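The residues making up each chain are set out below.
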Amino acid sequence: MDYQSLPHRFGERDPIAALRTAEDGLEPEQAGTRAWRVAGRILGRRGQGGVTFLDLEDESGRVQLLAELERLGEEAYAAVRDVSIGDLVGVEGTALRTRRGELSVQIAAWQLLAPCRLPFPDRHHGLQDVEVRHRQRYLDLMTDPDARERFRARARMVASIRRSLDDGGFVEVETPVLQPLYGGANARPFTTHHNQLDRDLYLRVATELYLKRLVVGGLERVYELGKDFRNEGVSHKHNPEFTMLEFYEAYADCADVMERTERIVADAAQAVLGTTQVEVRGQVVDLAPPWPRVQLGRAIEERVGIDPIALGRDPEPLRELMRERGVDASNDKTWAQLVDHFVSHFVEPELVAPTFLVDYPVELSPLARRKPGADGVVERFEAFCGGMEIANGFSELNDPDDQRARFEEQAAMGRAGDDEAHPVDDDYVTALEYGLPPTGGVGLGIDRLAMLLTGQDTIREVVLFPAMRN
RNA sequence: GGGCCGUUAGCUCAGCUGGCAGAGCAGGGGACUCUUAAUCCCAAGGUCGUAGGUUCGAUCCCUACACGGCCCA
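If you're wondering where the values come from, they're calculated on a predicted model, not measured in any experiment.

Novice: Can you help me understand helix α10 (residues 335-347) in this one?
Specialist: Given 3.6 residues per turn, any residue in an α-helix points the same way as the ones three and four places further on. Look at α10: 17 Å from first C-alpha to last across 13 residues, which is about the 18 Å you get at 1.5 Å a residue. All buried positions along α10 are accounted for by Trp335, Ala336, Leu338, Val339, His341, Phe342, Val343, Phe346 and Val347. The elements touched by buried residues of α10 are α8 (296-304), α9 (315-324), β15 (355-361) and β16 (377-385).

Novice: Help me understand the layout of surface pockets, please; the structure alone is not making it clear to me.
Specialist: Empty space left among the atoms is revealed by rolling a probe the size of a water molecule over them. Taken as a whole, the second largest pocket encloses approximately 400 Å³ of empty space. Val51, Phe53, Leu66, Thr98 and Arg99 are, among the 13 residues lining the second largest pocket, the residues nearest its centre. The set of elements that each furnish at least two residues to the lining of the second largest pocket consists of β2 (51-58), β3 (61-68) and β4 (88-97). Considering only residue class, the lining of the second largest pocket consists of 4 nonpolar, 3 polar and 6 charged.

Novice: For this particular structure, what's the right way to read the protein's contact with RNA strand B?
Specialist: Residues in contact with RNA strand B amount to 36 residues; listed here are only the nearest, Gly47, Arg81, Arg100, Glu131 and Arg460. Of all RNA strand B atoms lying within 4 Å of any protein atom, the proportion belonging to sugar or phosphate reaches 63%. Interatomic distance of 3.3 Å between a backbone N/O atom of Arg99 and a base oxygen of RNA strand B. With respect to RNA strand B, the side chain of His345 contributes an N or O atom lying 3.5 Å from a phosphate oxygen.

Novice: Help me understand the pattern of salt bridges, please; the structure alone is not making it clear to me.
Specialist: Counted according to the given criterion, the structure contains 42 salt bridges. A salt bridge links Arg34 to Asp14, with the nearest nitrogen and oxygen atoms 3.2 Å apart. Of this pair, Arg34 sits in strand β1 (residues 31-48) while Asp14 sits in the segment before α1 (16-22), and the two are 20 residues apart along the sequence. Residue class for Asp14 comes out buried when judged on its relative accessible area of 15%.

Novice: Is there a simple way to explain the domain arrangement of chain A in this structure?
Specialist: How big an interface is tends to be stated in terms of the accessible area lost upon association of its parts. One can read the domain layout of chain A as domain 1 (3-114) and domain 2 (145-292 + 353-461). One C-alpha centre belongs to domain 1, the other to domain 2, and the line joining them spans 49 Å.

Novice: Would you mind showing me how to read the nonpolar core here?
Specialist: One recurring pattern in soluble globular proteins: nonpolar side chains tend to sit buried together. Residues Met157, Ile161, Leu245, Phe247 and Leu453 are the most contacted members of the largest nonpolar core, which totals 43 residues. In terms of nonpolar packing, the next biggest core, distinct from the first, is built from 41 residues, Leu296, Ala299, Ile309 and Leu338 among them.

Novice: Is there a simple way to explain the sheet that holds strand β17 (residues 388-395) in this structure?
Specialist: The strands making up a sheet are joined through hydrogen bonds of the backbone, oriented either antiparallel or parallel. Taken together, the 8 strands give an open sheet; going across it, the order is β6-β10-β11-β18-β17-β16-β15-β14, and neighbouring strands pair in mixed fashion. This sheet does not close on itself; its edge strands, each paired only once, are β6 (171-172) and β14 (293-295). Two elements, strand β11 (residues 241-250) and strand β18 (residues 439-445), share 7 bridges in a ladder whose sense is antiparallel. Note on β18: the bridge partner recorded for Glu249 is Gly440. Along the sheet, helix α6 (residues 208-216) contacts β10 (221-229), β11, β17 and β18; its crossing angle with β11, the most-contacted strand, is approximately 25°.

Novice: So what exactly am I meant to see when it comes to helix α13 (residues 446-454) here?
Specialist: For α13, a buried count of 9 out of 9 residues is recorded, marking the element as mostly surrounded by other parts of the structure. For α13, the full list of buried residues reads Ile446, Asp447, Arg448, Leu449, Ala450, Met451, Leu452, Leu453 and Thr454. Just downstream of α13 lies Gly455, where phi reads positive at about 70°.

Novice: Explain the side chain of Thr98 here, please?
Specialist: Turning to its location among the elements, Thr98 is positioned in the loop between β4 and β5 (103-114). At 3.0 Å, the side chain of Thr98 forms a polar contact with the backbone nitrogen of Glu102. Residue contacts for Thr98: discarding those within four places in its chain leaves Pro28, Glu29, Phe53, Gln64 and Ser104.

Novice: Got a minute to help me understand the pairing of strand β9 (residues 199-203) in this structure?
Specialist: A regular strand places its side chains so that they alternate between the two faces of the sheet. Sheet topology note: the strand β7 (residues 178-179)/β9 ladder contains 2 bridges and is antiparallel. Residue pairing for β9: Gln179 is matched across the bridge by Tyr202. Pairing analysis gives 4 bridges linking strand β8 (residues 191-194) to β9, with the strands arranged antiparallel. Bridge pairing in β9 links His194 to Arg199. Between the end of β8 and the start of β9, which pair antiparallel, lie 4 residues, with Asp198 showing a positive phi angle near 50°.

Novice: Whenever I open this one, the packing of aromatic side chains confuses me. Can you help?
Specialist: Under the definition given, this model contains 6 aromatic pairs. Ring geometry for Phe407 against Tyr428: centres 6.2 Å apart, planes inclined by 75°, an arrangement best described as edge-to-face. One end of the pair, Phe407, is in helix α11 (residues 400-415); the other, Tyr428, is in helix α12 (residues 426-433), with 21 residues separating them in the sequence. Residue classification places Phe407 among the buried positions, given a relative accessible area of 0%. Site record: aromatic cluster; members linked through ring pairs are Trp291, Phe356 and Phe381. In this structure, Arg380 is placed above the aromatic ring of Tyr360, and the distance from its NZ or CZ to the ring centre is 4.4 Å.

Novice: How do you make sense of unusual backbone geometry when you look at a structure like this?
Specialist: The general pattern is negative phi for most residues beyond glycine and trans for most peptide bonds. In this structure, the amide linkage connecting Pro289 to the following residue, Pro290, adopts the cis form with an omega of 0°. Topologically, Pro290 is positioned in the loop between β13 (283-286) and β14. Of note, the phi angle at Tyr251 is positive, near 65°, even though the residue is not glycine. In this fold, Tyr251 is placed in the loop between β11 and α7 (254-273). Notably, Arg281 is not glycine yet its phi reads approximately 45°, a positive angle. Relative to the elements of secondary structure, Arg281 occurs in the loop between β12 (277-280) and β13.

What counts, and at which threshold
Residues numbered from 1 in each chain as written. Chains lettered and ligands numbered in written order. Predicted model: local features only at pLDDT ≥ 70, side-chain atom pairs only at ≥ 80, totals over all residues. Heavy atoms only, no water. Helix = DSSP H or I, 4+ residues; strand = E, 2+ residues; numbered from the N terminus. Expected span 1.5 Å × (residues − 1). Buried < 20%, exposed > 50% of the residue type's maximum accessible area, 1.4 Å probe, protein only. Contact = heavy atoms within 4.5 Å. 1 Å grid on protein atoms, 1.4 Å probe; cavity = no way out; pocket = protein on both sides within 12 Å on 5 of 7 lines; lining within 4 Å. Points joined across faces, edges and corners; volume = space filled by probe spheres on them. Nonpolar A, V, L, I, M, F, W, Y, C, P; charged D, E, K, R; others polar. Near = heavy atom within 4 Å. Polar contact = N/O pair within 3.5 Å; in protein donor to acceptor, adjacent residues only side chain to side chain. Salt bridge = Lys/Arg side-chain N within 4 Å of Asp/Glu carboxyl O. Domains from an automatic or database assignment. Core = buried A, V, L, I, M, F, W, Y, C linked by side-chain atoms within 4.5 Å. Pairing = 2+ DSSP bridges. Axes fitted to C-alpha atoms, helices over the stretch in contact; angles between N-to-C directions. Phe/Tyr/Trp six-rings, centres within 6.5 Å; stacked < 30°, edge-to-face > 60°. Lys NZ or Arg CZ within 6 Å of the ring centre and 35° of its normal.

This is how it looks when you write it as structure tokens:
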């Protein structure tokens, strides 16, 4: 095949959907009057001697093509009959409804645009091998219109979120992916090296600390929507690179951010689905605000009978309870880790309808502001839906001394073997010393929200190229 | 990291108490002038995930490994 001799363009192309709409009124054996130019991939062929039927699909839809020996002559007809399933072709012709009632394009001119020279996946069963669908996503998209629609829905969701924030007066910014020091989340980073600067750099685990520097600088409402990277396990809700929205709003607090978050999510659902009702894990839930606010301690108490926050900082009763419930808590060294484990094991899976948990222990929240009148608790929330955490936000800690102390505590935990602890970020503390206004912010997991809005139960189905082993 | 399941033609899948590896579709050749997963005929297509082991003989039984899936951490 001489690829260079193939056409370099196919202009003035009509989407197949436009043809279908315009010519829908044709009666059987009636022909349309105008010429159509359509292009796409050949997905079916039915020979019939001097008549050949082909199925042509573009992104907008599918239509049958009709090639007739009598109309085209030997040579052109042979060229059409030589087509392989999967070839990309451009066609010009008038519309015609066949005797059997199928809207078709009667081929007047035919061009091969690009051959498909490898065998096409089974047209009837589709591509079943999950591994191949992920490694060669183009085959999945080629053969499964639902897969294409899923990623279009994701794009509509992201567009809606941007619209919400843009309309709310937020500025979209881009902060470094390669960071000298990582922070903003408890996670292990990927490490890389800059050769000329001869220094190690980290791929960001969050954008938080940079975005809050911008709020210090006077960008009062900022957001960033992009990839974060966490060097940890792969699961149905974790991919090592994933998409996160973070936004920060000066002169607002945790409660304001919760309201904005639930509104953004509900609007995104409306934009993608035309409704705020989604089906998740066999249950219909409504994303319309307001979502219930439940204190973290109460949520745990409802399920296991004790409120660990009210109990003080004694890990032993919690450890004992874990033992009773047959949960292995041997990795949980501290009271805070046990609380975290209680949430993820007993509470999170049950939060199918959208719910905010609020009032988190300060030990789990090194960047959040303390709640007045509540010892050891910060103004923080996590949003859960479909049994997953989808967002995490708080009133931002703006006391540089407290922030430094929290970093030091994190560093101590790091030295004690917690490889997800924050390193101390002196420059960030310096920024706080210049004055961070009272600010609320949140991180929202875009992939997980896409799972909810497209009805998928694994992140791999909403990430185009999920992480795989070699 | 642990447990369970899977890996057979390009794709979708059969197969066997352990005895020469099967089909449909796709691809190749041919017939057929209104098909809809078109139909019919012909030929071709395989390191049965990889490496060992048991056996006269292994796609099948055993072990390890790789990759994937599900569950747990």
